[in-house]
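Summary of the model geometry
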Amino acid sequence: MVPSKKIIVTIDGWSSCGKSTLAKQLAKELNYVYIDSGAMYRAVTLYFLRNHIDWTSPVQVVEALQNIHLDFRFNEQSAQSEMFLNDENVEYVIRDLVVAEKVSDVASIKEVRDFAVAQQRKMGARKGIVMDGRDIGTVVFPHAELKIFMTADNAIRVQRRFKELFQKNPNISIEEVKNNLEMRDYIDSHREISPLRQADDAIVIDNTHLTMEQQLHKALHLVNEKCG
Ligand code: DC
């Protein structure tokens, strides 16, 4: 049964460990809004790449951010929220390796994080939200009712991301995917501002050996506990 009390659910964790799959399942089941915070950093990165912004220059970054408008729009056909950058649907292009190679650097910039976090907090103001990312339970919503931290074995994570990217680009190699994941995990967990870390009150879900149904069942159980 879906509890009537609305809460904030945060899902943080390493790259490609199934956060967004679980977040989407959970949001659907609870009739909550799902927000993919990584998509926002990816969209900003796409804008910087396309417009040749030198992101080592704070002046250029601040100026560029003033020209970026991000919003999520629900697509009835895919039954998913999609990322729009200045009114353009970029949901698919932001998943490219070209963006993935630079996104951790861009997400390390203070001005970029302030820009994204302010919008994320607004989205959660009315609760009833599942948001996934790296700093959602630690920085964006430190008082969230339910914080989940997801992990999975490295080899499984590489396989999953490879399968996903291979469908779009058959030239991609498993080595490229592995290197990208390792690099992002390193930068995301070692950066100065809001590094990826498990919140003290987060509950760990290791989904290496879980089916999608099993992980959803676990998460729903946690939601019910928090709402009870
Ligand atoms: O979840 P993802 O792989 O789409 O995220 C892309 C990048 O964005 C990830 O390498 C780190 C960054 N990110 C972040 O720093 N903070 C978040 N809340 C979400 C993502």
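Residue numbers here run from 1 along each chain, matching the order of that chain's written sequence. Local features are withheld for residues below a pLDDT of 70 in this predicted model, meaning they are given only at 70 or higher, and side-chain atom pairs are given and counted only at 80 or more; totals for whole chains, interfaces and linings count all residues. Excluded from the side-chain calculations are hydrogens and water; all other atoms, namely the structure's heavy atoms, are used.

1. Details of empty space enclosed by the protein
Where empty space is left in the structure can be found by rolling a water-sized probe over the atoms. Whether a set of points on the 1 Å grid over the protein atoms alone is a cavity depends on a 1.4 Å probe fitting there but being unable to get out, while an open set qualifies as a pocket with protein on both sides within 12 Å along at least five of seven lines; lining residues are those with an atom within 4 Å of a point. Grid points are joined across faces, edges and corners, and a volume is the space filled by probe spheres set on the points. Within the structure shown, the criterion is met by one cavity of 30 Å³ or more. As for the largest cavity, its lining consists of Arg42, Arg95, Leu97, Ala100, Arg161, Leu165, Val177, Asn180, Leu181 and Arg184. Elements supplying a minimum of two residues to the lining of the largest cavity: α4 (97-106), α7 (154-168) and α8 (174-190). Runs of E in the DSSP output that reach at least two residues are strands. Runs of H or I that reach at least four are helices, and both are numbered from the N terminus. It is α8 that contributes the most residues to the lining of the largest cavity, four residues altogether. Three residue categories are used. Nonpolar comprises Ala, Val, Leu, Ile, Met, Phe, Trp, Tyr, Cys and Pro, charged comprises Asp, Glu, Lys and Arg, and polar comprises the others, including Gly. For the lining of the largest cavity, the per-class residue count stands at five nonpolar, one polar and four charged.

2. Some details on the packing of aromatic side chains
Aromatic ring pairs are reported here in terms of the distance separating the ring centres and the angle at which the planes meet. Any two of the Phe, Tyr and Trp rings considered here, Trp counted by its six-membered ring, make a pair once their centres fall within 6.5 Å; the pair's planes then place it as stacked at under 30 degrees, edge-to-face at over 60, or tilted in between. One pass over the structure, following the stated rule, counts two aromatic pairs. Aromatic pair Phe48 and Trp55: ring centres 6.2 Å apart, planes at 20°, arrangement stacked. In this pair, the class of Phe48 matches that of Trp55, namely buried. Residues Phe162 and Phe166 carry aromatic rings whose centres are separated by 5.4 Å and whose planes lie at 35° to one another, so their mutual orientation is tilted. Burial status follows relative accessibility: with a 1.4 Å probe on protein chains alone, a residue under 20% of its type maximum counts as buried, one over 50% as exposed, and anything between as partly exposed.

3. Here we look at helix α1 (residues 19-30)
Between its first and last C-alpha atoms α1 spans 16 Å; for twelve residues at 1.5 Å apiece the expected length is 16 Å, and the two agree. Along α1, the residues that are buried comprise Lys19, Leu22, Ala23, Gln25, Leu26, Ala27 and Leu30. For α1, the secondary structure elements touched by its buried residues are β1 (8-13), β2 (33-36), β6 (129-133), β7 (146-151), β8 (203-206) and α9 (212-227). Expected span of a helix, by definition, is 1.5 Å for each gap between consecutive residues, and there is one gap fewer than residues. Working rule for contacts: check all heavy atoms of both residues, and any pair within 4.5 Å makes them a contact.

4. Some thoughts on the sheet that holds strand β4 (residues 80-85)
Two strands are said to pair when DSSP picks up at least two bridges between them. Reading across from one edge, β3-β4-β5 is the order of the three strands in this open sheet, with antiparallel pairing throughout. With one partner strand each, in any of the chains shown, β3 (70-75) and β5 (88-89) form the two edges of the open sheet. Pairing of β3 with β4, which is carried by six bridges, proceeds in the antiparallel orientation. In the strand pairing of β4, Asp71 is matched with Phe84. Sheet contacts for helix α2 (residues 37-50): β3, β4 and β5; angle to β4, the most-contacted strand, approximately 30°. Note on method: axes are straight lines fitted to C-alpha atoms, helices fitted across the in-contact stretch only, with angles between N-to-C directions ranging 0 to 180 degrees.

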